[in-house]
Structure formats: C-alpha cells, structure tokens
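# Understanding the architecture of this molecule
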Amino acid sequence: MMVFILISLYKGLIDVGGLSVLAGQSGSGSMSFAAAVTVIIGTFVSGATQATNWSRFAASPKIAVIATLAAFFIGNGLMVFTGALGALIYQQADIVDVMLAQGFVVLAVLMLFLNIWTTQDNTIYNFAVAGCNLLRTDRRRLVTVSGAAIGTVLAVGGMYNFLIPFLILLGTFIPPIGGVIMADYWLHHKGKYPLLSSVTLPDFNWHGLAAYAIGSGMAYYSPILPPVVGVVGAAVAYTLLLKVSVPQVKMRSVEQ
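Residues numbered from 1 in each chain as written. Predicted model: local features only at pLDDT ≥ 70, side-chain atom pairs only at ≥ 80, totals over all residues. Heavy atoms only, no water.

The protein chain appears in an unreviewed UniProt entry as Cytosine permease from Nitrincola nitratireducens. Heading Sequence similarities (unreviewed entry) of the UniProt record for the protein chain holds this comment: "Belongs to the purine-cytosine permease (2.A.39) family." Check the Subcellular location (unreviewed entry) section of the UniProt entry for the protein chain; it says "Membrane". (UniProt positions renumbered as here; feature names shortened; annotations may be inferred.)

Now the structure itself:
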C-alpha cells in the first residue's frame, strides 16, 4: 500500500505541474476550522482508543510504543496527506478514485482490497472484543459474524454518504473518553494502577460515566476545537467528582 501511495503521489505532482503549482491550489469546499480539526481527529480517534487491543501483543512495551507512534504519525498522517492532495489535484479524496483517475486501474483494485483487508480485520476484532465484554459472553464467533453483518448492512445502505458527519461525531464524542482515562491514571492513581488482584472494581464507574457525559456535552456545544474541549472538560469533571465523593476502587485485605 505504501508503494502504491508513493506512485500515486508522484503521478499527481507530475499531473499538477510540480510543487510550485500545487502550492497555489486552493480547495473549493467550505468548512470551519473547528469542524476541520474535529474531522481530522475523527479519522483516527476510534482506532486510537482501540490501539491497545493490538499493541498488547507486542514483544515489549518499547515496541508497542514505537509501533503505535509510527502508525498514527506516519501511517495515518500519510493517508490524510494523500487524501488532501487527491482532493486538490483531482477533486477526489479517496485514494482508489484518485488512482482510477490516474489510469492505474490494476493498482486501484489491489489498493481497494488491501485497504479493506488491513482495516476490517482490526475493526472486526475490535467489535468482537468490545461486544463480548459488553454482553458478558464468550461466544466470540457469533459476535464477530454479527458485527460483520451489521457493517455490511451499513455499507450497502449508503453509510459512506454520511462519512463527514460521522467523523465529526467521532471527533466530538470519543475524545472525552481519553480525558477520563488520563485523569484516572495520572491524577487519581498517580501514574500507577494497582494490580487487578488487589482491587475490587465496581460494575459501573459512575464518576467516569458522569464526567464523560459532561465532557461530551461541552464538546458538542463548543464553537472552538470540540475534541480538545471534550478531553479537558471530561478530565476536569472527573477530577472534581472524585474529590467530592468516596473512591470507587477499594483495596482488598492481604488475607483475601
């Protein structure tokens, strides 16, 4: 995929007449700065919250961190950059459509299959993990097939036409989860979680859920950088809620 993208970028620069001509191009659409930032964050934030589902298989914490940084800063950054150039040069943001416009039919078909494969295997795995945890079931195959069916129905129903509004929703309502997690880890637990064998966890973290709701509301109604407002708002709300209530995680006794 990386090779195909580089070939497409090179062809695009030739078609547009070089970097100097490209620098003079401007988009024809209209979008506020806050909406643009929200869309960009929405393109990868759902994957970012699920990244530990994959990085936990790494041979060491160092490899997990390096792989994650490479994926989001280099991999995702290149995809966003490619989409931006495709929109400027060919008025097509989808890399497959861009490659078709460039005459790379075979490469476009291969890119389509590779992109679906490398994306959906992670996506369906995430659905299976979250679904089994939510439903408290070990019927992983049934949950996995159900997730694939739901995704297929949404795709056939034209979900792609709602991509931008969907990305805005993701960029608005997912970042506050990170605010709660960071506040819980750095402020509540001082950067070190206790072992699961030494704590009793509640069925629901009501402080976290309430803080998430507050952060999401702030992000939804914020006129400036909703994702950032959501993260900060959720983190502050979680910290304040913990200060005015009894901690929910209790240490077990040594005898237990």
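There is more to say after this.
This part is about the UniProt feature "transmembrane region" (unreviewed entry) in the protein chain. Cross-referencing UniProt, the feature "transmembrane region" (unreviewed entry) maps to residues 33–51, 63–89, 95–117, 142–160 and 220–242 in the present numbering. End C-alpha to end C-alpha, residues 33–51 measures 27 Å, and it is 95% helix and 0% strand. Between the C-alpha atoms that bound residues 63–89 the distance is 37 Å, and the span itself is 100% helix and 0% strand. (Helix = DSSP H or I, 4+ residues; strand = E, 2+ residues; numbered from the N terminus.)

A word on the domain arrangement of the protein chain. Quoted interface sizes are often the accessible area lost when the parts come together. Each assigned domain of the protein chain is listed here: domain 1 (1–14 + 32–157) and domain 2 (163–244). Inter-centroid distance (C-alpha atoms) of domain 1 to domain 2 is 25 Å. In this assembly, eleven residues from domain 1 lie in contact with 13 residues from domain 2. Interface area, domain 1 with domain 2, both sides summed: about 950 Å², of which 86% is carbon and sulfur. Applying the counting rule to domain 1 against domain 2 returns zero salt bridges. Here domain 1 is connected to domain 2 by zero residue pairs in polar contact (both at pLDDT 80 or more). (Domains from an automatic or database assignment. Contact = heavy atoms within 4.5 Å. Buried area = accessible area lost by both parts, 1.4 Å probe. Salt bridge = Lys/Arg side-chain N within 4 Å of Asp/Glu carboxyl O. Polar contact = N/O pair within 3.5 Å; in protein donor to acceptor, adjacent residues only side chain to side chain.)

Considering all chains together, one arrives at one salt bridge under this definition. Across the pair Asp-15 and Lys-11 runs a salt bridge, and its minimum N-O distance is 2.8 Å. Taken together, the residues Asp-15 and Lys-11, both in helix H1 (residues 2–16) and four residues apart, mark about one turn of the helix.

This next bit is on the packing of aromatic side chains. With the rule as written, the count across this model stands at seven aromatic pairs. Here the aromatic rings of Phe-44 and Phe-72 are separated by 5.9 Å at their centres, their planes lie at 50°, and the arrangement is tilted. Within this pair, whereas Phe-44 is found in helix H3 (residues 33–50), its partner Phe-72 is found in helix H5 (residues 61–90), the two being separated by 28 residues in sequence. According to the relative accessible area criterion, Phe-44 is partly exposed, its value standing at 27%. (Phe/Tyr/Trp six-rings, centres within 6.5 Å; stacked < 30°, edge-to-face > 60°. Buried < 20%, exposed > 50% of the residue type's maximum accessible area, 1.4 Å probe, protein only.)

Let us now look at empty space enclosed by the protein. This structure, assessed with the given rule, holds one cavity of 30 Å³ or more. Looking at the largest cavity, its volume works out to about 60 Å³. In terms of lining residues, the largest cavity is bounded by Ser-8, Leu-9, Gly-12, Thr-82, Leu-85, Gly-86, Ile-89, Tyr-90, Ile-95, Val-98 and Gln-102. Ranked by residue count, the leading element in the lining of the largest cavity is H5, at five residues. Looking at the lining of the largest cavity residue by residue, the classes come out as six nonpolar, five polar and no charged. (1 Å grid on protein atoms, 1.4 Å probe; cavity = no way out; pocket = protein on both sides within 12 Å on 5 of 7 lines; lining within 4 Å. Points joined across faces, edges and corners; volume = space filled by probe spheres on them. Nonpolar A, V, L, I, M, F, W, Y, C, P; charged D, E, K, R; others polar.)

Even without being glycine, Lys-190 reaches a positive phi, approximately 55°. When you line up the elements, Lys-190 lands in the loop between helix H10 (175–188) and strand S1 (199–200).

A pair of packed helices is characterised by two quantities: the angle between their axes and the separation of those axes. Running from N to C, helix H11 (residues 206–221) and helix H12 (residues 226–243) point in directions that differ by 145°, and their axes come no closer than 7 Å. Note that H11 runs across H12; the crossing there is right-handed. In this structure, H11 contributes His-207, Gly-208, Ala-210, Ala-211, Ile-214, Gly-215, Met-218 and Ala-219 to the contact, and H12 contributes Pro-226, Val-229, Gly-230, Gly-233, Ala-234, Ala-237, Tyr-238, Leu-241 and Leu-242. (Axes fitted to C-alpha atoms, helices over the stretch in contact; angles between N-to-C directions. Left-handed = near helix turned anticlockwise from the far one by under 90°.)

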